[in-house]
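This is what each chain is made of:
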Amino acid sequence: KTIIWNGPMGVFEMEKFAAGTFDVAKALAECTKNGAITIIGGGDSVAAVEKAGLADQMSHISTGGGASLELLEGLVLPGVAALNDA
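Residues numbered from 1 in each chain as written. Predicted model: local features only at pLDDT ≥ 70, side-chain atom pairs only at ≥ 80, totals over all residues. Heavy atoms only, no water.

Trainee: Please explain the overall build of the protein chain as it appears in this structure.
Mentor: Counting its secondary structure elements, the protein chain contains four helices and three strands. In sequence order, the secondary structure elements of the protein chain are arranged as β-α-β-α-β-α-α. The principal-axis extents of the C-alpha atoms in the protein chain amount to approximately 45 × 30 × 20 Å. Scored against the burial criterion, the 86 residues of the protein chain give a buried share of 27%. Split by element, the accessible area of the protein chain, about 5400 Å² in all, is 57% carbon and sulfur. One finds the centroid of the 5 positive side-chain charges in the protein chain at a distance of 12 Å from the centroid of its 10 negative side-chain charges. (Helix = DSSP H or I, 4+ residues; strand = E, 2+ residues; numbered from the N terminus. Buried < 20%, exposed > 50% of the residue type's maximum accessible area, 1.4 Å probe, protein only. Areas by Shrake-Rupley, 256 points an atom, 1.4 Å probe, with all protein chains shown as cover. Lys, Arg positive; Asp, Glu negative; His and termini not counted. Charge placed at Lys NZ, Arg CZ, Asp CG, Glu CD.)

Trainee: Whenever I open this one, the side chain of Thr-38 confuses me. Can you help?
Mentor: Assignment of secondary structure puts Thr-38 in strand β2 (residues 37–41). Within the local environment of Thr-38, its side chain forms a polar contact with the side chain of Thr-32, the two groups lying 2.6 Å apart. When residues no more than four places from it in sequence are discounted, the contact partners of Thr-38 are Ile-3, Leu-28, Cys-31, Thr-32, Gln-57, Met-58, Ser-59 and His-60. (Polar contact = N/O pair within 3.5 Å; in protein donor to acceptor, adjacent residues only side chain to side chain. Contact = heavy atoms within 4.5 Å.)

Trainee: Would you take a moment to explain the pairing of β2 for this structure?
Mentor: Across a regular strand the side chains alternate sides, sitting on one face of the sheet and then on the other. Of the pairings in the sheet, the one linking strand β1 (residues 2–5) to β2 comprises four bridges and is parallel in character. Note that in β2 the partner of Trp-5 across the bridge is Ile-40. Between the parallel pair β1 and β2, the chain is carried across by helix α1 (residues 19–33), and the sense of this crossover is right-handed. (Pairing = 2+ DSSP bridges. Right-handed = clockwise from strand over helix to strand, strands pointing away.)

Trainee: Help me understand the sheet that holds β2 in this model?
Mentor: Picture the strands of a sheet paired through backbone hydrogen bonds; they go either parallel or antiparallel. Pairing in this open sheet of three strands is parallel, and the strands run β1-β2-β3 from one edge to the other. The open sheet has two edge strands, β1 and β3 (60–62), and neither has a second partner. Ignoring which end each strand starts from, the neighbouring axes of this sheet average 15° apart. Bridge count for β2 against β3 is three bridges, and the pairing is parallel. By the bridge assignment, Ile-40 is partnered in β3 with Ile-61. The sheet strands contacting helix α2 (residues 43–51) are β1, β2 and β3, and the helix crosses β2 at an angle near 120°. (Axes fitted to C-alpha atoms, helices over the stretch in contact; angles between N-to-C directions.)

Trainee: Sorry if this is basic, but what is going on with a nonpolar patch on the surface here?
Mentor: Together, Ile-4, Leu-69 and Leu-72 make up an exposed nonpolar region whose accessible area comes to about 270 Å². Relative to the elements of secondary structure, Ile-4 occurs in strand β1. (Patch = residues over 30% accessible without salt bridge, like charges linked within 9 Å, V, L, I, M, F, W, Y side chains within 5 Å. Salt bridge = Lys/Arg side-chain N within 4 Å of Asp/Glu carboxyl O.)

Set out below in structure tokens:
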């Protein structure tokens, strides 16, 4: 299984709103432990898993959230296209 997470569940920076985001991060860490590939995309999601202390338990972390989604959609990314042309 491959799981892609792009975007926290709420304002995780505020303790009273952090539980949902941290629960998702914990669930993804457990999925990774059980053999799933977990991909965290986007700066806020990365900050959330780091704040939860679980970043090292994810398969891949990228701050390129929007770009990651566009790549998955099959869109051409200018930087990748330039590398292909080089």
